[in-house]
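# Structural features, examined
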Amino acid sequence: MPITTHVAQALAAALEYPPEHAPGLGRSLTRPPSPALGDLAFPCFALAKQLRMAPPKIAADLAARIRPDALIARAVAAGPYVNLFLDRTAAARAILGPILADPARYGSRNIGGGQVIVLDFSAPNIAKPFHFGHLRSTNIGAGLARIFSFLGYRVVRKNYLGDWGTQFGFVIYAWQRWGDAAELQARAIEYLVELYVRAYRQSETDPTVREQARHLFLRLEQGDPDIAALWQQFRELSLAGFMKTYQRLDIAFDSYEGEAAVNHLVEGVIERFVRAGVAEESQGALVVQVSGVLGREIAPLMLRKSDGASTYAARDCAEAIDRWERHGFSANIYVVSRQEDHFAQLFAALTRLAAAEQWEAHWPATCENVSFGYVRGMSTRKGEAVWLEDVLDEARDRARRIREEKSAANPRAFPTLSAAELDHVSESVGQAALLYFDVSSRRLSDVTFDWDTVLQFEGNTGPYLQYSHARMCGIFRRAVAEGLAAGSGTPQAGPEPADEEWLLVLKLGEFPAAVAAACTEREPHEIAKFLHELASSFNAFYNKHTVIDPADPATSAARLTLVRATQVTLANGLKLLGIRPLETM
Ligand code: ARG
């Protein structure tokens, strides 16, 4: 049982509350500013309001009523707070025991009970580059997928590719004019993008190009076999390119079916909207009025344009219904930024259809748009048009240069690596810098990217976390060389933990709550923040204390188990964020 749960139960008992009140009390527990004041603090403001009494008076009464036990050493009132002191030795065992007993599972819990979450993320557009802008959706989405499964949900990872729409008319138009099969084989997406841009540019001065492109797309929609074969080829080439990036990042999806695959359901769904009396004509187009449905004033959702073409929104309506029918999800989450209006319209239109058709399950209410802010300042040597592969390459190359400089300056701390090791370390550190940067602030904040900052081995960076992890692994290598057990097994009964050790122990105990918060808030940043605090607590401990002291085997053994618990917790958190924990760096 987590320590905070134990303390919350003791608080409930002291207040003579039924035990179901304990979790609520537990959530308001905080940490006093220094361990000298206590290990946990319970603020009495909310109780004071309820009981119409002054907070310090409540704190004093409550502190007197809390009974010390095996874990709680004493409770004292400090102004409006009850500060609790824990028995360090007993609490350290209670926290470290479960970590060491099942390291890979520490932080996981069965909250989901096998319920399904459909997670829509990444979703780049075919015949367009896998742009750096898609990294945030890919990264936050993949992080959430790992977090949800760690907590017992069954996650359906859906890569809803943008593989349909009038832009393909332009690509096909260009291909028919200028297409070169050898170029296409050699440069695939890059070449398709050039074709698209060329046709688009031409359309700016020659409006008939747009007309012809529209016509070509219409033929595609009607199933013209030649055009369909071209489209198929472009899609496969694009997806093959995206797959290289996904493999590099170690991300896989359960489905790569995009807008095209749902197209055959769209007419039927539009029919349902019409029959239910939910859709209406507006200036030749077919729309659903959604303003005010979910308490927001928004423009209508357009199912069909005045020229008869179905829309992105119509496809998303059909897709959501199809997802429900296939998976019966408990949540359907879209990790997409800057489409707030689109998703508000989508969810409201589905809500109206649900009411009109009297659906039994009110699933539109479980649809969510997990949005995120904008990354400013990214550019690579190739300039501002930023392809994700170029960004990953540059991160790797910069990481390699930094590693080589460090090795030249301090060969003891950074010994020469084999070529294969150096490749692995450079790629992993480069990725860590990029991926951690994305989650180092809350997802909705706009952020400014800077190569030098994100690659530093110190500060709030991915490489700092990896470096801390590698340091811990270095300690185990030394322990083994000294003939000591490298901190596995059960927690050792050592002397009472010193302040820095104790703060590290308490921090370790917070990991499950950080994972749970990341899940409920759809916010991988909660884990990033925790890991940074954990690494800082570790480094504060390690700078002050010697772990391996051949003259004092009992203390060494106790400290090695503490380092082991820290290392496995850090590794679990890094893996949830898609960052490779490294053993050497
Ligand atoms: N392909 C779209 C884009 O790049 C994102 C698709 C998001 N998912 C969805 N179901 N609409 O903007």
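### Side note on unusual backbone geometry
Although it is not a glycine, D250 adopts a positive phi angle of roughly 60°. Position of D250 relative to the elements: it lies in the loop between α10 (225-249) and α11 (259-275).

### Overview of the site of the ligand
Within the structure, the ligand sits among D120, A123, N125, H134, Y160, Y312, D316, Y334, V336, Q339 and F343. Contact distances for the ligand include 2.7 Å between a nitrogen atom and a side-chain N or O atom of D316. When the ligand is considered free in solution it has 350 Å² of accessible area, and contact with the protein chains removes 88% of it. Split by residue class, the shell around the ligand holds six nonpolar, three polar and two charged.

### Overview of the side chain of S137
Relative to the assigned elements, S137 resides in helix α6 (residues 133-150). A polar side-chain atom of S137 sits 2.8 Å from the main-chain amide nitrogen of S122. If sequence neighbours within four positions are ignored, S137 has contacts with F121, S122, A142, V335 and F372.

### Details of the pairing of strand β4 (residues 116-120)
Of all the five residues making up β4, five are buried; the element is thus mostly covered by neighbouring parts of the structure. Of the two faces of β4, the one carrying V116, V118 and D120 and the one carrying I117 and L119 are both buried. Summarising the sheet, β4 and strand β5 (residues 154-158) pair through five bridges and their orientation is parallel. Bridged to I117 within β5 is V155. With α6 bridging β4 and the parallel β5, this β-α-β connection has right-handed handedness. As defined by bridge partners, β4 adjoins strand β9 (residues 331-335) across four bridges and the pair is classed as parallel. Directly across from V118, in β9, lies its bridge partner N332.

### Some details on helix α9 (residues 207-221)
The end-to-end C-alpha separation of α9 is 22 Å, in line with the 21 Å expected for 15 residues at 1.5 Å each. Taken residue by residue, α9 has V209, A213, L216, F217 and L220 as its buried positions. The arc that holds the buried residues of α9, viewed along the axis, is 100°, so those residues lie on one side. Its buried side turned inward, α9 meets α7 (167-178), α8 (181-205) and α10. Following α9 by one or two positions, G223 has its phi on the positive side, about 90°.

### Quick word on the sheet that holds β4
Spatially, four strands are ordered β5-β4-β9-β10 in an open sheet, and the strand pairing comes out parallel. Among the strands making up the open sheet, the edge pair consists of β5 and β10 (367-370). With direction set aside, neighbouring strand axes in the sheet form an average angle of 20°. The sheet strands contacting helix α12 (residues 312-327) are β4, β5 and β9, and the helix crosses β9 at an angle near 140°. Taken strand by strand, helix α13 (residues 340-357) contacts β9 and β10, and its axis lies near 175° from that of β10.

### Some thoughts on the packing of aromatic side chains
A full pass over the atoms with the stated rule returns 31 aromatic pairs. Ring geometry for F253 against Y256: centres 5.4 Å apart, planes inclined by 70°, an arrangement best described as edge-to-face. There is no split in this pair, since F253 and Y256 are both buried. When the ring of W359 is compared with that of W363, the centres are 5.2 Å apart and the planes differ by 15°; the resulting orientation is stacked. You'll find W359 and W363 in the same group, each marked buried. Ring pairing ties together the aromatic residues F121, F130, F242, Y246, F253 and Y256, which thus form one cluster. Of note, R564 hangs over the ring of F476, and the distance from its end group to the ring centre comes to 3.8 Å.

### So, the sheet that holds strand β7 (residues 285-288)
Across the sheet, which stays open at both edges, the three strands sit in the order β6-β7-β8 with antiparallel pairing between neighbours. A strand with exactly one partner marks an edge of an open sheet, and here the two such strands are β6 (279-282) and β8 (301-304). Across the sheet, the mean angle from the axis of one strand to that of its neighbour is 40°, orientation sign disregarded. In this structure, β7 lies alongside β8, joined through three bridges in antiparallel fashion. Considered in β8, the bridge of L286 is made with R304.

### Quick word on the packing of α8 against α10
Following both chains from N to C, one finds α8 and α10 inclined at 85°, their axes separated by 9 Å at the closest point. One element, α8, and the other, α10, form an angle in the roughly perpendicular class. Here L184, Q185, A188, I189 and L192 of α8 lie close against α10, whose contacting residues are Q233, F234, L237, S238, G241 and F242. Tallied by class, the residues present in the contact of α8 with α10 amount to seven nonpolar, four polar and no charged.

### Comments concerning the environment of D450
Note on placement: D450 falls in the loop between β12 (447-448) and α16 (451-454). In this structure the C-alpha to C-alpha distance between D450 and S379, which are 71 residues apart in sequence, comes to 9.2 Å. For D450, the side chain forms a polar contact with the side chain of T453, separated by 2.4 Å.

### Brief notes about helix α4 (residues 55-65)
Residues that lie three or four places apart on an α-helix share one face, since the helix turns once every 3.6 residues. Regarding α4, the residues found buried are I58, A59, L62 and A63. Take α4 and look down its axis: the buried residues cluster within an arc of 130°, on one side only.

### Structural notes on the packing of helix α5 (residues 88-101) against helix α21 (residues 553-576)
Relative orientation of the contacting elements α5 and α21 amounts to 60°, with a least axis distance of 10 Å. Our classification of the angle between α5 and α21 gives oblique. For the pair α5 and α21, the crossing hand works out as left-handed. From α5, L96, I99 and L100 reach across to α21, where they touch T561, L562, R564, A565, V568 and T569. Counted by class, the contact of α5 with α21 contains six nonpolar, two polar and one charged residues.

Calculation rules
- Residues numbered from 1 in each chain as written.
- Predicted model: local features only at pLDDT ≥ 70, side-chain atom pairs only at ≥ 80, totals over all residues.
- Heavy atoms only, no water.
- Helix = DSSP H or I, 4+ residues; strand = E, 2+ residues; numbered from the N terminus.
- Near = heavy atom within 4 Å.
- Polar contact = N/O pair within 3.5 Å; in protein donor to acceptor, adjacent residues only side chain to side chain.
- Areas by Shrake-Rupley, 256 points an atom, 1.4 Å probe, with all protein chains shown as cover.
- Nonpolar A, V, L, I, M, F, W, Y, C, P; charged D, E, K, R; others polar.
- Contact = heavy atoms within 4.5 Å.
- Buried < 20%, exposed > 50% of the residue type's maximum accessible area, 1.4 Å probe, protein only.
- Pairing = 2+ DSSP bridges.
- Right-handed = clockwise from strand over helix to strand, strands pointing away.
- Expected span 1.5 Å × (residues − 1).
- Arc of directions from axis to C-beta.
- Axes fitted to C-alpha atoms, helices over the stretch in contact; angles between N-to-C directions.
- Phe/Tyr/Trp six-rings, centres within 6.5 Å; stacked < 30°, edge-to-face > 60°.
- Lys NZ or Arg CZ within 6 Å of the ring centre and 35° of its normal.
- Parallel < 35°, antiparallel > 145°, perpendicular 65-115°, else oblique.
- Left-handed = near helix turned anticlockwise from the far one by under 90°.

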